[in-house]
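For reference, the chains in residue letters:
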Amino acid sequence: MEIILAHAHTLMYTILALMPTRYQRDNLEAMLGLFLAADGKPLPHYSKSFSVSALSRFLNTYKWPTRKLIRHVRQQAIEPGFQSLSIGKKSVSTSNS
């Protein structure tokens, strides 16, 4: 479980670093905080740090590197899967019971 949390933590901070401005980084952090809090209130109007209109502008108006984010998240999601696969033939044991 600790490995998964460490991986998620690294991924989150990498995604935050991809934001072009500090304002966008702060807005994304507020949005992620709402989703990750898991208290059943992920909607923007429950944010204590940004107004609903500020979060709406972040999501709908400001340009942010969507493709770069998707590429990075996809790469981070796929890499651990490939590392756990063994390359080559699997040994098949035949036993007559």
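Residues numbered from 1 in each chain as written. Predicted model: local features only at pLDDT ≥ 70, side-chain atom pairs only at ≥ 80, totals over all residues. Heavy atoms only, no water.

A. Layout of the overall build of the protein. When helices and strands are tallied, the protein shows four helices and zero strands. Secondary structure elements of the protein, listed N to C terminal, follow the sequence α-α-α-α. At a minimum sequence separation of 6, the contacts of the protein that also span at least 24 residues come to 60%. (Helix = DSSP H or I, 4+ residues; strand = E, 2+ residues; numbered from the N terminus. Contact = heavy atoms within 4.5 Å.)

B. Spotlight on helix α3 (residues 52–60). Considered for burial, the residues of α3 that qualify are Ala54, Leu55 and Phe58. Mapping the buried residues of α3 onto a view down its axis gives an arc of 95°, with all of them on the same face. (Buried < 20%, exposed > 50% of the residue type's maximum accessible area, 1.4 Å probe, protein only. Arc of directions from axis to C-beta.)

C. Region of interest: the layout of surface pockets. Roughly 270 Å³ of internal volume is contained in the largest pocket. Along its surface, the largest pocket is lined by 13 residues, and Ala8, Met12, Ile15, Leu32 and Leu36 are the ones closest to its centre. Elements with a minimum of two residues in the lining of the largest pocket: α1 (2–17), α2 (22–37) and α3. (1 Å grid on protein atoms, 1.4 Å probe; cavity = no way out; pocket = protein on both sides within 12 Å on 5 of 7 lines; lining within 4 Å. Points joined across faces, edges and corners; volume = space filled by probe spheres on them.)

D. Here's a closer look at the packing of α1 against α2. Where α1 contacts α2, the two axes come as close as 9 Å, and the packing angle between them is 150°. When the interaxial angle is binned, α1 and α2 end up roughly antiparallel. The hand of the α1/α2 crossing is right-handed. When α1 is examined against α2, the residues Met12, Ile15 and Leu16 are found in contact with a partner set consisting of Arg25, Leu28, Glu29, Leu32 and Leu36. Of the residues in the contact of α1 with α2, the class split is six nonpolar, no polar and two charged. (Axes fitted to C-alpha atoms, helices over the stretch in contact; angles between N-to-C directions. Parallel < 35°, antiparallel > 145°, perpendicular 65-115°, else oblique. Left-handed = near helix turned anticlockwise from the far one by under 90°. Nonpolar A, V, L, I, M, F, W, Y, C, P; charged D, E, K, R; others polar.)

Remember that the coordinates give geometry; whether it matters functionally is a separate question.
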